[in-house]
Amino acid sequence: MVEEPLVRWDWIGRNWPAIQGLLEDHVVMALVPIVVGLLIALPLGLAGARWRWLYRPTVGVMNVIYSLPSLAVFIVLIPITGLATRATVMVPLTFYALAVLIPAVVDGLTSVPDHVRQSAVAMGFTPLRRLLRVELPIAVPVVLAGLRVATVSSISLVSVGALIGRGGLGYLFIDGWQRQFYTPIVVGIVLVVALAGLADLLLVLAQRLLTPWARARGAA
Amino acid sequence: MNWLIDFFGDLANWSGPEGIPARLLEHLEFAGLSLLLAMLIALPLGLWIGHTGRGALLVVLSANAARALPTLGLLVLIVLLMGVGTIVPVLIPLVALAVPPILVNTYEGIRGVDPDLRDAAYGMGLRGGQVLGRVLVPVALPLILLGLRLAAIQVVATATVAAYVGLGGLGRYIIDGLATKNYPSTIGGAVLVALLALIVQLGFDLVQRIAVSPGVSRRQDIR
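Residues numbered from 1 in each chain as written. Chains lettered and ligands numbered in written order. Predicted model: local features only at pLDDT ≥ 70, side-chain atom pairs only at ≥ 80, totals over all residues.

## Observations concerning the overall build of chain A
Then comes step 1: Regarding its fold elements, chain A presents 9 helices and 0 strands.
Then comes step 2: When the helices and strands of chain A are placed in sequence order, the string is α-α-α-α-α-α-α-α-α.
Then comes step 3: Principal-axis analysis of the C-alpha atoms gives chain A an extent of 75 × 45 × 25 Å.
Then comes step 4: Counting all 220 residues of chain A, 40% fall into the buried class.
Then comes step 5: Put simply, 72% of the contacts in chain A that link residues at least 6 apart link residues at least 24 apart. (Helix = DSSP H or I, 4+ residues; strand = E, 2+ residues; numbered from the N terminus. Buried ≥ 20, exposed ≤ 12 C-beta atoms within 10 Å, placed from the backbone. Contact = placed C-beta atoms within 7 Å.)

As structure tokens, this is what we get:
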């Protein structure tokens with residue numbers, strides 16, 4: 001094997017605009033599925049928490065979807081959404097996000113203690129206000145825990161898309177492998193992990209902002 | 001559908017070193033070995049941390065970071081560094097993939113056991129190790145099994161990328177099919193991997209039904 005440094009900084013400098021483009025592509029392909037997934041998971045999770053008989057089969061279906069390998073789903077989708085398009089990567093990632101988020105919403109809502117719900121009713125909250133002002137805020141920690149797992153794995157999974165020609169930073173892995181050149185691979189790994197860490201950190205901060213009572217209780 | 005018939009109907013795909021049985025065995029070898037290694041690392045560590053409460057924050061944080069590691073990137077880097085003489089380069093990223101879910105769920109499972117239950121066990125005269133083995137692990141078993149299931153499914157699914165660096169397994173059909181524009185092979189391989197993941201999922205459902213105590217799974221009415 002050739003003696004070669006793990007990272008060649010001049011390569012990074014010369015290729016930074018391209019890397020930046022891949023980074024943007026990566027962020028879009030990882031985060032759009034999470035946002036869409038959350039928007040779908042909230043109403044479905046609400047329905048699942050209200051009608052438990054509906055929830056059981058949903059979990060079964062979601063478990064099956066979650067167990068489908070991403071590469072396999074990308075490939076099966078190619079005839080429908082096209083080779084190397086963003087949609088081919090984002091559609092399966094949305095389903096993975098749903099598989100994590102729907103149970104998280106349902107668990108979050110069922111974690112609301114009964115006496116809290118009854119107090120809200122007794123105080124004259126309408127069902128909608130009770131949901132928005134009492135139940136959803138209490139569900140936030142559990143939902144956000146799911147959101148963190150979904151976001152981090154989504155960011156990591158996008159790179160598999162490189163095998164079908166659209167993987168954001170994952171392209172750097174293919175590039176480095178084909179040229180037997182470490183630097184792009186290292187850059188790709190570092191950026192993916194940094195991106196996931198940043199997203200995770202933002203979600204933790206969001207949780208602190210959304211659940212001020214948890215901090216107050218911790219301080220007391 | 002025609003592609004599937006082309007692939008699965010071709011008798012040449014069913015025998016020899018490139019046949020489906022041989023590829024399936026290779027796939028199971030990568031996945032099984034990685035899962036075994038990950039269990040050897042993550043189960044004792046998770047039990048110990050959950051039981052003693054030591055180092056919990058560090059472990060949860062690093063497990064979350066490890067979740068973010070892109071398997072494909074790790075794999076190509078390790079293979080470039082080590083070469084493909086053995087299957088070790090494939091095992092490292094797969095183990096890294098499997099450890100976090102097992103570790104976090106084992107830890108959460110043990111930690112989440114009702115403290116009253118734990119106290120009751122000590123009160124009945126059980127010692128530390130006995131409390132862990134006879135009370136905490138059985139009660140935490142659903143979560144521990146969940147972690148193992150998630151890890152197993154991810155490893156089975158991700159072992160496909162081994163083919164990208166020239167190793168065997170079911171991923172060969174996918175990667176070779178993509179490279180040669182042989183769509184039946186690609187789709188056939190994808191379906192095989194998905195089926196395998198589903199079988200793993202069903203297998204764990206079964207294990208859960210058998211191994212989890214009826215009292216814990218609420219299959220028996222407890223007052």
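## Side note on the overall build of chain B
Then comes step 1: Of the regular secondary structure elements, chain B holds 10 helices and 0 strands.
Then comes step 2: Judged by the C-alpha coordinates and their principal axes, chain B covers about 65 × 45 × 25 Å.
Then comes step 3: When the 223 residues of chain B are sorted by exposure, 44% land in the buried category.
Then comes step 4: Of all intrachain contacts in chain B linking residues separated by at least 6 positions in sequence, the fraction that spans at least 24 positions is 71%.

## Quick word on unusual backbone geometry
Residues and elements named next belong to chain A.
Then comes step 1: Backbone geometry at Ala84 places phi at a positive 60 degrees, although glycine is not the residue there.
Then comes step 2: Note on placement: Ala84 falls in the loop between helix H3 (70–81) and helix H4 (86–110).
Then comes step 3: The exposure class of Ala84 is partly exposed, given the 13 C-beta atoms found within 10 Å.
Then comes step 4: Positive phi, close to 50 degrees, is recorded for Gln180, a residue that is not glycine.
Then comes step 5: Positionally, Gln180 belongs in the loop between helix H7 (170–178) and helix H8 (182–210).

## A look at the UniProt feature "domain: ABC transmembrane type-1" (unreviewed entry) in chain A
Then comes step 1: As annotated by UniProt and renumbered to match this structure, "domain: ABC transmembrane type-1" (unreviewed entry) occupies residues 23–204 of chain A.
Then comes step 2: A helix fraction of 84% and a strand fraction of 0% characterise residues 23–204 of chain A, whose end C-alpha atoms lie 22 Å from each other. (UniProt positions renumbered as here; feature names shortened; annotations may be inferred.)

## Looking at the UniProt feature "transmembrane region" (unreviewed entry) in chain A
All names here are of chain A.
Then comes step 1: Feature annotation in UniProt assigns "transmembrane region" (unreviewed entry) to the following positions: residues 27–49, 61–83, 89–110, 155–174 and 181–206.
Then comes step 2: Secondary structure within residues 61–83 divides into 83% helix and 0% strand; the distance between the first and last C-alpha atoms comes to 27 Å.
Then comes step 3: Secondary structure content for residues 181–206 is 96% helix and 0% strand, while the C-alpha to C-alpha distance between its ends is 39 Å.

## Considering the interface of chain B and chain A
Then comes step 1: Facing 25 residues of chain B, the contacting portion of chain A comprises 33 residues.
Then comes step 2: For the side of chain B that touches chain A, the secondary structure elements donating two or more residues are helix H3 (56–67), helix H4 (71–82), helix H7 (128–158) and helix H9 (183–211) of chain B.
Then comes step 3: At 8 residues, the largest contribution of residues to the side of chain B that touches chain A is made by H9(B).
Then comes step 4: A per-class count over the side of chain B that touches chain A returns 19 nonpolar, 5 polar and 1 charged. (Nonpolar A, V, L, I, M, F, W, Y, C, P; charged D, E, K, R; others polar.)

## Focus on the UniProt feature "transmembrane region" (unreviewed entry) in chain B
All names here are of chain B.
Then comes step 1: Following the UniProt record, one finds the feature "transmembrane region" (unreviewed entry) at residues 30–50, 71–99, 131–148, 155–175 and 187–207.
Then comes step 2: Overall, residues 30–50 shows 100% helix and 0% strand. The separation of its end C-alpha atoms is 29 Å.
Then comes step 3: As annotated, residues 155–175 has a helix share of 43% and a strand share of 0%, and its two end C-alpha atoms lie 17 Å apart.

## Considering the environment of A:Val116
Residues and elements named next belong to chain A.
Then comes step 1: Structurally, Val116 can be placed in helix H5 (residues 114–122).
Then comes step 2: Once the C-alpha coordinates of Val116 and Arg129 are considered, the two residues, 13 residues apart in sequence, prove to be 14 Å apart.
Then comes step 3: Those residues in contact with Val116, other than ones at most four positions away along the chain, are Val134 and Ile138.

## Looking at the UniProt feature "domain: ABC transmembrane type-1" (unreviewed entry) in chain B
Then comes step 1: Listed under "domain: ABC transmembrane type-1" (unreviewed entry) in the UniProt record, and renumbered for this structure, are residues 24–208 of chain B.
Then comes step 2: For residues 24–208 of chain B, helix accounts for 82% and strand for 0%, while the C-alpha atoms at its two ends are 25 Å apart.

## Points about the nonpolar core
Then comes step 1: Of all hydrophobic cores here, the largest spans 124 residues; its most connected members are A:Leu101, B:Ala98 and B:Val155.
Then comes step 2: Sorting elements by how many residues they give to this core places H7(B) first, with 15 residues.
Then comes step 3: Aside from chain neighbours lying at most four places away, what touches A:Leu101 is A:Gly37, A:Leu38, A:Ala41, A:Gly146, A:Leu147 and A:Ala150. (Core = buried A, V, L, I, M, F, W, Y, C linked by C-beta atoms within 7 Å.)

## Points about the packing of H3(A) against H9(B)
Then comes step 1: Running from N to C, H3(A) and H9(B) point in directions that differ by 140 degrees, and their axes come no closer than 9 Å. In terms of orientation, H3(A) lies oblique with respect to H9(B). Classified by chirality, the crossing of H9(B) by H3(A) is left-handed. Touching A:Ala72, A:Ile75 and A:Val76 of H3(A) are B:Thr186, B:Ile187, B:Ala190, B:Val193 and B:Ala194, all from H9(B). (Axes fitted to C-alpha atoms, helices over the stretch in contact; angles between N-to-C directions. Parallel < 35°, antiparallel > 145°, perpendicular 65-115°, else oblique. Left-handed = near helix turned anticlockwise from the far one by under 90°.)

## Here's the deal with the confidence of the model for chain B
Then comes step 1: For chain B, the mean per-residue pLDDT works out to 87, and 97% of the residues sit at or above 70.
Then comes step 2: What the predictor reports for the complex is a pTM of 0.86 with an ipTM of 0.85. (pLDDT = per-residue confidence, 0-100.)

## Notes on the environment of B:Phe7
Then comes step 1: Within the element layout of this structure, B:Phe7 appears in helix H1 (residues 2–9).
Then comes step 2: When the C-alpha atoms of B:Phe7 and B:Pro184 are compared, they prove to be 5.3 Å apart, with 177 residues separating the residues in sequence.

## Some points on the environment of A:Tyr66
All names here are of chain A.
Then comes step 1: Its location among the elements puts Tyr66 in helix H2 (residues 52–67).
Then comes step 2: Residue Tyr66 is classed as partly exposed on the basis of its C-beta count, with 19 C-beta atoms lying within 10 Å.
Then comes step 3: If we skip the residues at most four places from it in the chain, Tyr66 touches Tyr96 and Ala99.

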